Amino acid sequence: MDLETRILRLLSRLRKLRAGRPTGDTTATTTGITRMQADIADIRTEMRQDFAALGDELAALRHHMNAHFTSSRPRCCKEAAPGCPQGTPAYGPDPINN
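It should be emphasised that the depicted structure is a prediction, and the values quoted were computed from it without experimental measurement. Residue positions within a chain follow its written sequence, with the count starting from 1. Side-chain atom pairs in this predicted model are given and counted only at pLDDT of 80 or more, local residue features only at pLDDT of at least 70, and totals for whole chains, interfaces and linings cover all residues. Hydrogens and water molecules were not included; the side-chain quantities draw on all heavy atoms of the structure.

Caption draft 1: Structural view of the overall build of the chain. Each helix is a run of H or I in the DSSP string that is no shorter than four residues. Each strand is a run of E no shorter than two, and both are numbered from the N terminus. A count of helical and extended segments in the chain gives two helices and zero strands. Partly exposed residues are those whose accessible area sits between 20% and 50% of the maximum for their type, while under 20% is buried and over 50% is exposed, using a 1.4 Å probe and protein chains only. Here the chain holds 98 residues, and 2% of them are scored as buried. Each accessible area value is a Shrake-Rupley result obtained with a 1.4 Å probe; residue values ignore everything except the protein chains displayed when judging cover. For the chain, the computed accessible surface area is about 9,100 Å², with 59% contributed by carbon and sulfur atoms.

Caption draft 2: Spatial organisation of a negative patch on the surface. On the surface, D39, D42, E46 and D50 cluster together into a patch of negative charge. With respect to the secondary-structure elements, E46 resides in helix α2 (residues 23–78). A patch is a set of surface residues, each over 30% in relative accessible area and not in a salt bridge, joined within 9 Å for like charges and within 5 Å for the nonpolar side chains Val, Leu, Ile, Met, Phe, Trp and Tyr. Each salt bridge in this description consists of a side-chain nitrogen of Lys or Arg and a carboxyl oxygen of Asp or Glu lying within 4 Å of one another. Counted as positive: Lys and Arg. Counted as negative: Asp and Glu. His and the chain ends are not counted at all. By convention, the point assigned to a charge is CZ for Arg, NZ for Lys, CD for Glu and CG for Asp.

Structure, rendered in structure tokens:
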């Protein structure tokens, strides 16, 4: 078989395939891709909101723990340490730099 005959057969097959291709499959695929992109955008939005809420929760926890330790620190620092003479605080006002 010569090359020209093979090319003509391939062209005729290509024309038949193009003519017989249903457009519904392309539309369904395009619709599916559009839905998937919308779902991905929704998931990204939800994740951003969840991370923002997590950041708010962590900030509130940090504030609460700071307030808790600030209010309980003077109580623990005013008590005398074991072995210290009575009336001497266990730590000075800044136990880290003492």
